[in-house]
Amino acid sequence: MSKVRVCVDVMGGDEEPQVVLDGIDAALAADPELEVVAVGPQDIVEAFAASRDRVEPLVAPDVITMEDDPIKAVMTKRKSSIVLACRAVKKGTAQGFFSAGATGAITAAATAYVTPFRYEVDGRREPIRPCITTAVPNRAGGLTVLCDMGANPDVEVEDMVRFGQMGAVYSHVVCGVEHPRVGLLSNGTEDSKGSHFTKACFPAMREAVPGFIGNCEGTDLLAGTVDVVVTDGFAGNVALKATEGAAKMIMHELKGVLLGSLKGKIAALLVKDQLGALKEKLSGDAVGGAILLGLKGVVLIGHGATSVEAVKNGTLATARAIRADLVEKVADSMDGLVE
(Lines give C-alpha, C1' and ligand atoms only; values in the text may rest on other atoms or scores of the structure.)
Protein backbone atom coordinates (compact mmCIF):
# COMPACT_ATOMS: atom_id res chain seq x y z
CA MET A 1 0.00 0.00 0.00
CA SER A 2 1.52 3.33 -1.10
CA LYS A 3 1.40 6.60 0.77
CA VAL A 4 -1.25 9.08 -0.32
CA ARG A 5 -2.15 12.61 0.78
CA VAL A 6 -5.82 13.58 0.87
CA CYS A 7 -7.29 17.01 1.66
CA VAL A 8 -10.36 16.80 3.89
CA ASP A 9 -12.74 19.75 4.27
CA VAL A 10 -13.26 20.21 8.01
CA MET A 11 -16.16 22.62 7.37
CA GLY A 12 -18.00 20.33 4.96
CA GLY A 13 -21.42 18.96 5.89
CA ASP A 14 -24.30 19.88 8.14
CA GLU A 15 -22.71 18.60 11.35
CA GLU A 16 -20.16 20.23 13.64
CA PRO A 17 -16.49 20.13 12.54
CA GLN A 18 -15.79 17.62 15.32
CA VAL A 19 -17.72 14.99 13.33
CA VAL A 20 -15.31 15.47 10.42
CA LEU A 21 -12.28 15.40 12.74
CA ASP A 22 -13.47 12.14 14.28
CA GLY A 23 -13.96 10.74 10.78
CA ILE A 24 -10.39 11.72 9.87
CA ASP A 25 -9.10 9.94 12.98
CA ALA A 26 -11.06 6.82 12.01
CA ALA A 27 -9.63 6.91 8.46
CA LEU A 28 -6.07 7.33 9.76
CA ALA A 29 -6.56 4.34 12.05
CA ALA A 30 -7.82 2.22 9.15
CA ASP A 31 -5.07 3.21 6.67
CA PRO A 32 -1.51 3.43 8.06
CA GLU A 33 -0.19 4.90 4.77
CA LEU A 34 -2.75 7.71 4.66
CA GLU A 35 -1.75 11.33 5.23
CA VAL A 36 -4.43 14.00 5.63
CA VAL A 37 -4.37 17.73 4.98
CA ALA A 38 -7.09 19.11 7.26
CA VAL A 39 -8.50 22.25 5.65
CA GLY A 40 -10.45 24.76 7.73
CA PRO A 41 -10.30 27.56 10.32
CA GLN A 42 -6.94 28.07 12.01
CA ASP A 43 -8.06 27.37 15.58
CA ILE A 44 -9.55 24.01 14.53
CA VAL A 45 -7.03 22.54 12.07
CA GLU A 46 -3.81 23.64 13.77
CA ALA A 47 -4.84 22.25 17.14
CA PHE A 48 -5.99 19.01 15.51
CA ALA A 49 -2.79 18.56 13.49
CA ALA A 50 -0.48 19.39 16.40
CA SER A 51 -1.22 16.09 18.16
CA ARG A 52 -1.20 13.85 15.07
CA ASP A 53 1.81 12.68 13.07
CA ARG A 54 0.03 12.19 9.74
CA VAL A 55 -2.07 15.37 9.67
CA GLU A 56 -1.03 18.71 8.23
CA PRO A 57 -3.13 21.87 8.64
CA LEU A 58 -4.18 24.10 5.76
CA VAL A 59 -5.70 27.27 7.17
CA ALA A 60 -8.83 28.46 5.35
CA PRO A 61 -10.46 31.52 6.95
CA ASP A 62 -13.39 31.71 4.53
CA VAL A 63 -16.36 29.34 4.62
CA ILE A 64 -18.70 28.50 1.73
CA THR A 65 -22.14 27.60 3.03
CA MET A 66 -24.96 25.58 1.48
CA GLU A 67 -26.87 28.85 0.97
CA ASP A 68 -24.13 30.60 -1.04
CA ASP A 69 -24.36 30.93 -4.81
CA PRO A 70 -21.77 28.33 -5.91
CA ILE A 71 -19.99 30.23 -8.67
CA LYS A 72 -20.05 33.59 -6.87
CA ALA A 73 -18.77 31.97 -3.66
CA VAL A 74 -15.87 30.28 -5.45
CA MET A 75 -14.92 33.60 -7.09
CA THR A 76 -15.17 35.73 -3.94
CA LYS A 77 -14.21 33.33 -1.15
CA ARG A 78 -10.82 32.38 -2.53
CA LYS A 79 -9.50 31.38 0.89
CA SER A 80 -12.33 28.97 1.64
CA SER A 81 -11.60 25.34 2.48
CA ILE A 82 -13.13 24.17 -0.82
CA VAL A 83 -11.06 26.51 -3.01
CA LEU A 84 -7.78 26.01 -1.14
CA ALA A 85 -8.18 22.22 -1.19
CA CYS A 86 -8.81 22.20 -4.94
CA ARG A 87 -5.78 24.43 -5.47
CA ALA A 88 -3.69 22.01 -3.37
CA VAL A 89 -4.70 19.15 -5.67
CA LYS A 90 -3.88 21.29 -8.70
CA LYS A 91 -0.42 22.15 -7.31
CA GLY A 92 0.27 18.54 -6.37
CA THR A 93 0.65 19.12 -2.64
CA ALA A 94 -2.27 16.70 -2.22
CA GLN A 95 -3.48 13.95 -4.54
CA GLY A 96 -7.18 14.11 -3.76
CA PHE A 97 -9.93 16.02 -1.97
CA PHE A 98 -12.93 14.87 0.05
CA SER A 99 -15.70 17.21 1.21
CA ALA A 100 -19.29 16.91 2.34
CA GLY A 101 -19.83 20.59 1.55
CA ALA A 102 -22.01 22.26 -1.07
CA THR A 103 -22.02 20.14 -4.24
CA GLY A 104 -22.35 23.12 -6.56
CA ALA A 105 -19.41 24.95 -4.98
CA ILE A 106 -17.20 21.84 -5.00
CA THR A 107 -18.05 21.21 -8.66
CA ALA A 108 -17.35 24.85 -9.59
CA ALA A 109 -14.07 25.01 -7.65
CA ALA A 110 -12.86 21.65 -8.91
CA THR A 111 -13.66 22.61 -12.51
CA ALA A 112 -11.84 25.94 -12.11
CA TYR A 113 -8.78 24.76 -10.20
CA VAL A 114 -8.31 21.00 -10.54
CA THR A 115 -9.43 21.45 -14.18
CA PRO A 116 -11.03 18.96 -16.58
CA PHE A 117 -9.32 17.09 -19.39
CA ARG A 118 -9.45 18.86 -22.75
CA TYR A 119 -10.10 17.87 -26.34
CA GLU A 120 -9.48 19.65 -29.62
CA VAL A 121 -12.31 20.84 -31.84
CA ASP A 122 -11.92 23.20 -34.83
CA GLY A 123 -8.42 24.07 -33.66
CA ARG A 124 -9.56 25.00 -30.17
CA ARG A 125 -8.82 23.22 -26.89
CA GLU A 126 -12.11 22.77 -25.07
CA PRO A 127 -12.70 21.25 -21.61
CA ILE A 128 -14.80 18.11 -21.31
CA ARG A 129 -17.77 18.19 -18.96
CA PRO A 130 -16.98 16.49 -15.64
CA CYS A 131 -19.84 14.34 -14.37
CA ILE A 132 -20.87 13.53 -10.82
CA THR A 133 -20.83 9.78 -10.48
CA THR A 134 -21.95 7.53 -7.67
CA ALA A 135 -22.66 3.84 -7.10
CA VAL A 136 -25.93 2.64 -5.59
CA PRO A 137 -26.63 -0.85 -4.21
CA ASN A 138 -28.72 -3.12 -6.43
CA ARG A 139 -30.85 -6.24 -5.95
CA ALA A 140 -28.16 -8.46 -7.48
CA GLY A 141 -25.89 -7.72 -4.52
CA GLY A 142 -23.57 -5.41 -6.44
CA LEU A 143 -23.35 -1.71 -7.24
CA THR A 144 -24.83 0.21 -10.17
CA VAL A 145 -22.97 3.32 -11.31
CA LEU A 146 -25.05 6.40 -12.16
CA CYS A 147 -23.57 9.22 -14.23
CA ASP A 148 -24.29 12.10 -14.45
CA MET A 149 -26.22 12.74 -11.24
CA GLY A 150 -26.38 16.51 -11.28
CA ALA A 151 -23.36 18.37 -12.63
CA ASN A 152 -24.71 18.95 -16.16
CA PRO A 153 -28.47 19.49 -16.63
CA ASP A 154 -27.95 20.25 -20.34
CA VAL A 155 -25.51 18.17 -22.38
CA GLU A 156 -24.56 17.23 -25.93
CA VAL A 157 -24.34 13.77 -27.49
CA GLU A 158 -20.54 13.71 -27.19
CA ASP A 159 -20.86 14.45 -23.46
CA MET A 160 -23.07 11.40 -23.00
CA VAL A 161 -20.54 9.26 -24.85
CA ARG A 162 -17.80 10.42 -22.47
CA PHE A 163 -20.03 9.83 -19.44
CA GLY A 164 -20.49 6.25 -20.61
CA GLN A 165 -16.77 5.75 -21.18
CA MET A 166 -15.83 7.24 -17.81
CA GLY A 167 -18.62 5.41 -15.98
CA ALA A 168 -17.46 2.08 -17.38
CA VAL A 169 -13.93 2.71 -16.10
CA TYR A 170 -15.29 3.67 -12.67
CA SER A 171 -17.39 0.51 -12.54
CA HIS A 172 -14.36 -1.60 -13.40
CA VAL A 173 -11.75 0.11 -11.22
CA VAL A 174 -13.81 1.03 -8.15
CA CYS A 175 -16.68 -1.49 -8.15
CA GLY A 176 -14.66 -4.41 -9.47
CA VAL A 177 -16.90 -5.26 -12.44
CA GLU A 178 -14.78 -7.07 -15.03
CA HIS A 179 -16.85 -6.15 -18.09
CA PRO A 180 -19.36 -3.41 -17.17
CA ARG A 181 -22.72 -3.35 -18.97
CA VAL A 182 -23.58 0.24 -19.89
CA GLY A 183 -27.17 1.37 -20.42
CA LEU A 184 -28.66 4.64 -21.69
CA LEU A 185 -31.51 5.81 -19.44
CA SER A 186 -34.72 6.01 -21.45
CA ASN A 187 -38.47 5.36 -21.15
CA GLY A 188 -38.17 1.80 -22.43
CA THR A 189 -35.58 -0.80 -23.32
CA GLU A 190 -36.45 -1.03 -27.02
CA ASP A 191 -33.93 0.59 -29.37
CA SER A 192 -36.65 2.85 -30.78
CA LYS A 193 -37.64 4.32 -27.41
CA GLY A 194 -36.59 7.69 -26.05
CA SER A 195 -36.62 11.41 -26.68
CA HIS A 196 -35.07 13.01 -29.74
CA PHE A 197 -31.93 13.52 -27.67
CA THR A 198 -31.58 9.94 -26.37
CA LYS A 199 -32.29 8.61 -29.87
CA ALA A 200 -29.34 10.68 -31.09
CA CYS A 201 -27.17 9.38 -28.25
CA PHE A 202 -27.97 5.72 -28.92
CA PRO A 203 -25.91 5.14 -32.11
CA ALA A 204 -23.03 7.29 -30.86
CA MET A 205 -22.79 5.32 -27.62
CA ARG A 206 -23.17 2.00 -29.42
CA GLU A 207 -20.15 2.90 -31.55
CA ALA A 208 -17.86 4.38 -28.89
CA VAL A 209 -18.78 3.05 -25.42
CA PRO A 210 -17.36 -0.37 -24.44
CA GLY A 211 -20.02 -2.70 -23.05
CA PHE A 212 -22.96 -0.62 -24.30
CA ILE A 213 -26.09 -2.81 -24.24
CA GLY A 214 -28.71 -0.25 -25.30
CA ASN A 215 -31.52 1.52 -23.51
CA CYS A 216 -32.45 0.88 -19.90
CA GLU A 217 -35.26 2.09 -17.63
CA GLY A 218 -35.40 3.72 -14.22
CA THR A 219 -36.07 0.35 -12.59
CA ASP A 220 -32.71 -0.93 -13.87
CA LEU A 221 -30.91 1.43 -11.52
CA LEU A 222 -31.63 -0.90 -8.58
CA ALA A 223 -32.24 -4.16 -10.42
CA GLY A 224 -28.65 -5.07 -11.20
CA THR A 225 -29.44 -5.70 -14.87
CA VAL A 226 -26.89 -3.07 -15.93
CA ASP A 227 -23.68 -1.91 -14.26
CA VAL A 228 -23.65 1.69 -15.51
CA VAL A 229 -26.65 3.95 -16.16
CA VAL A 230 -25.85 7.01 -18.29
CA THR A 231 -28.03 10.11 -18.42
CA ASP A 232 -27.88 13.90 -18.32
CA GLY A 233 -27.50 15.61 -14.95
CA PHE A 234 -31.12 16.72 -14.78
CA ALA A 235 -32.67 13.27 -15.23
CA GLY A 236 -29.90 11.66 -13.19
CA ASN A 237 -30.50 13.92 -10.21
CA VAL A 238 -34.26 13.32 -10.37
CA ALA A 239 -33.72 9.55 -10.57
CA LEU A 240 -31.32 9.54 -7.63
CA LYS A 241 -33.53 11.73 -5.42
CA ALA A 242 -36.58 9.59 -6.25
CA THR A 243 -34.62 6.46 -5.32
CA GLU A 244 -33.45 8.02 -2.04
CA GLY A 245 -36.99 9.12 -1.25
CA ALA A 246 -38.37 5.64 -1.89
CA ALA A 247 -35.70 4.10 0.36
CA LYS A 248 -36.54 6.51 3.19
CA MET A 249 -40.27 5.81 2.84
CA ILE A 250 -39.72 2.04 2.95
CA MET A 251 -37.60 2.32 6.10
CA HIS A 252 -40.18 4.63 7.70
CA GLU A 253 -43.09 2.30 6.89
CA LEU A 254 -41.13 -0.75 8.02
CA LYS A 255 -40.34 0.92 11.31
CA GLY A 256 -44.03 1.75 11.78
CA VAL A 257 -45.07 -1.85 11.11
CA LEU A 258 -42.48 -3.34 13.46
CA LEU A 259 -43.07 -0.93 16.34
CA GLY A 260 -46.85 -0.74 15.98
CA SER A 261 -47.64 -3.91 17.92
CA LEU A 262 -46.18 -6.31 20.45
CA LYS A 263 -45.65 -8.97 17.76
CA GLY A 264 -43.90 -6.40 15.61
CA LYS A 265 -41.59 -5.36 18.44
CA ILE A 266 -40.64 -8.99 19.07
CA ALA A 267 -39.96 -9.44 15.36
CA ALA A 268 -37.87 -6.26 15.35
CA LEU A 269 -35.68 -7.63 18.13
CA LEU A 270 -35.15 -10.86 16.21
CA VAL A 271 -34.02 -9.08 13.04
CA LYS A 272 -32.31 -6.09 14.66
CA ASP A 273 -28.89 -6.81 13.13
CA GLN A 274 -30.35 -7.37 9.66
CA LEU A 275 -32.32 -4.12 9.86
CA GLY A 276 -29.18 -2.26 10.86
CA ALA A 277 -27.30 -3.70 7.90
CA LEU A 278 -30.17 -2.74 5.56
CA LYS A 279 -30.25 0.82 6.88
CA GLU A 280 -26.49 1.16 6.43
CA LYS A 281 -26.70 -0.21 2.88
CA LEU A 282 -29.43 2.25 1.91
CA SER A 283 -27.75 5.24 3.58
CA GLY A 284 -24.88 5.36 1.11
CA ASP A 285 -22.31 5.97 3.87
CA ALA A 286 -20.42 2.80 2.94
CA VAL A 287 -19.84 3.98 -0.66
CA GLY A 288 -17.99 7.08 0.52
CA GLY A 289 -19.60 9.63 -1.76
CA ALA A 290 -19.90 10.75 -5.36
CA ILE A 291 -16.83 11.36 -7.50
CA LEU A 292 -16.30 14.04 -10.14
CA LEU A 293 -15.07 12.13 -13.17
CA GLY A 294 -13.21 13.93 -15.93
CA LEU A 295 -10.89 16.01 -13.74
CA LYS A 296 -7.10 15.85 -13.53
CA GLY A 297 -7.38 14.86 -9.88
CA VAL A 298 -9.59 12.90 -7.50
CA VAL A 299 -12.45 14.94 -5.99
CA LEU A 300 -15.05 13.10 -3.91
CA ILE A 301 -18.27 14.69 -2.63
CA GLY A 302 -19.95 13.32 0.48
CA HIS A 303 -23.57 13.67 1.58
CA GLY A 304 -24.29 16.91 3.45
CA ALA A 305 -25.97 15.03 6.32
CA THR A 306 -22.65 13.41 7.09
CA SER A 307 -21.44 11.18 9.92
CA VAL A 308 -18.16 9.97 11.34
CA GLU A 309 -18.49 6.75 9.34
CA ALA A 310 -19.27 8.67 6.14
CA VAL A 311 -16.22 10.92 6.53
CA LYS A 312 -14.02 7.92 7.25
CA ASN A 313 -15.32 6.04 4.20
CA GLY A 314 -15.16 9.10 1.95
CA THR A 315 -11.55 9.76 2.90
CA LEU A 316 -10.61 6.11 2.40
CA ALA A 317 -12.49 5.97 -0.93
CA THR A 318 -10.52 9.00 -2.11
CA ALA A 319 -7.28 7.25 -1.17
CA ARG A 320 -8.33 4.06 -2.99
CA ALA A 321 -9.16 5.97 -6.16
CA ILE A 322 -5.73 7.61 -6.07
CA ARG A 323 -3.92 4.31 -5.57
CA ALA A 324 -5.94 2.70 -8.38
CA ASP A 325 -4.81 5.43 -10.83
CA LEU A 326 -8.47 6.16 -11.58
CA VAL A 327 -7.75 9.57 -13.13
CA GLU A 328 -5.23 8.12 -15.60
CA LYS A 329 -7.50 5.22 -16.51
CA VAL A 330 -10.43 7.56 -17.10
CA ALA A 331 -8.25 9.65 -19.42
CA ASP A 332 -7.20 6.52 -21.32
CA SER A 333 -10.87 5.64 -21.95
CA MET A 334 -11.45 8.73 -24.10
CA ASP A 335 -10.02 9.43 -27.55
CA GLY A 336 -8.83 12.81 -28.72
CA LEU A 337 -7.72 14.32 -25.41
CA VAL A 338 -4.97 16.93 -25.60
CA GLU A 339 -2.67 18.54 -23.04
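Before reading further, recall that the structure is shown in the block above.
Draft legend 1. Seen up close, the packing of aromatic side chains. Under the defined criterion, the tally for this structure stands at 1 aromatic pair. With 5.4 Å between their ring centres and 75° between their planes, Phe202 and Phe212 make a pair best called edge-to-face. Here Phe202 is found in helix H7 (residues 196-208), whereas its partner Phe212 is found in strand E10 (residues 212-216), with 10 residues between them in sequence. With respect to burial, Phe202 and Phe212 carry one shared label: buried.

Draft legend 2. Region of the structure containing the pattern of salt bridges. For the structure shown, the criterion picks out 10 salt bridges. As a salt-bridge pair, Asp159 and Arg129 come within 3.0 Å of each other at their nearest N and O atoms. You can see Asp159 sitting in helix H6 (residues 157-173) and its partner Arg129 sitting in the loop between strand E6 (124-127) and strand E7 (131-137), a full 30 residues away along the chain. Since its relative accessible area comes to 33%, Arg129 is described here as partly exposed. Because the salt bridges share partners, they merge into one network encompassing Arg5, Glu35 and Glu56.

Draft legend 3. A look at a positive patch on the surface. Residues Arg78, Lys79, Arg87 and Lys91 make up a contiguous surface patch of positive charge. The residue Lys91 is located in helix H4 (residues 81-91) in this model.

Draft legend 4. Summary view of helix H9 (residues 233-259). Helix length check: H9 (27 residues) gives 39 Å between terminal C-alpha atoms against 39 Å at 1.5 Å per residue, within 8%. Turning to H9, its buried residues number three or more, namely Gly233, Gly236, Leu240, Ala247 and Leu258. The backbone nitrogen of Phe234 has a side-chain oxygen 3.0 Å away, supplied by the residue at the start of H9, namely Asp232.

Draft legend 5. Seen up close, the sheet that holds strand E14 (residues 337-338). Spatially, E6-E5-E14 is the arrangement adopted by the 3 strands of the open sheet, whose pairing is antiparallel. The open sheet has two edge strands with one neighbour each: E6 and E14. Relative to E14, strand E5 (residues 118-121) runs antiparallel, the two sharing 2 bridges. When the bridges of E14 are listed, Arg118 appears paired with Val338.

Draft legend 6. The arrangement of the side chain of Thr107 in detail. Within the secondary structure, Thr107 is located in helix H5 (residues 103-114). Among the residues examined, Thr107 registers a relative accessible area of 14% and is labelled buried. Here Thr103 takes part through its backbone oxygen, which lies 2.9 Å from a polar atom of the side chain of Thr107. Those residues within four positions of Thr107 in sequence are excluded, and the remaining contacts are Ile132, Ala151, Leu292 and Ile301.

Draft legend 7. Local environment of the nonpolar core. Grouped together as the largest cluster of nonpolar side chains are 56 residues, with contacts concentrated most on Ile24, Leu34 and Met205. For this core, the leading source of residues is H6, giving 7 residues. Setting aside its immediate chain neighbours within four residues, Leu34 contacts Val4, Val6, Ala27, Leu28, Arg54, Thr315, Leu316, Ala319 and Arg323. By size, the runner-up hydrophobic cluster in this structure holds 39 residues, among which are Ile64, Leu84, Tyr113 and Val226.

Rules and cut-offs
- Chains are numbered independently. Their residues run from 1 in the order of the written sequence.
- Predicted model: local features are reported for residues with pLDDT of at least 70 only, side-chain atom pairs are reported and counted for 80 or more only, and whole-chain, interface and lining totals are derived from all residues.
- Based on all heavy atoms of the structure, the side-chain values leave hydrogens and waters out of the count.
- Each pair of aromatic rings taken from Phe, Tyr and Trp, with Trp reduced to its six-membered ring, is defined by centres within 6.5 Å and is described as stacked if the planes are under 30 degrees apart, edge-to-face if over 60, and tilted in the remaining cases.
- The helix count covers DSSP runs of H or I at least four residues long, the strand count covers runs of E at least two residues long, and both are numbered beginning at the N terminus.
- Relative accessibility thresholds used throughout: buried, under 20% of the residue-type maximum; exposed, over 50%; partly exposed, between the two (1.4 Å probe, protein chains only).
- One side-chain nitrogen of Lys or Arg within 4 Å of one carboxyl oxygen of Asp or Glu is enough to make a salt bridge.
- In this analysis, a patch consists of residues with relative accessible area above 30% that form no salt bridge, clustered at 9 Å for like charges and at 5 Å for the nonpolar side chains Val, Leu, Ile, Met, Phe, Trp and Tyr.
- Note that accessible areas follow from Shrake-Rupley with a 1.4 Å probe, and for residues the cover is restricted to the protein chains shown.
- Charged residues are defined narrowly, with Lys and Arg counted positive, Asp and Glu counted negative, and His plus the chain ends left uncounted.
- For the purpose of locating charges, the reference atoms are NZ of Lys, CZ of Arg, CG of Asp and CD of Glu.
- The span expected for a helix works out to 1.5 Å for each residue beyond the first.
- In protein, a polar contact requires one atom able to donate a hydrogen and another able to accept it; more generally it is a pair of N or O atoms within 3.5 Å, and residues adjacent in sequence count only if both atoms are side-chain atoms.
- Following DSSP output, two strands are said to pair if at least two bridges run between them.
- The criterion used for residue contact is that any of the two residues' heavy atoms lie within 4.5 Å.
- Only buried residues count toward a nonpolar core, which is a set of Ala, Val, Leu, Ile, Met, Phe, Trp, Tyr and Cys residues joined through side-chain atoms within 4.5 Å.

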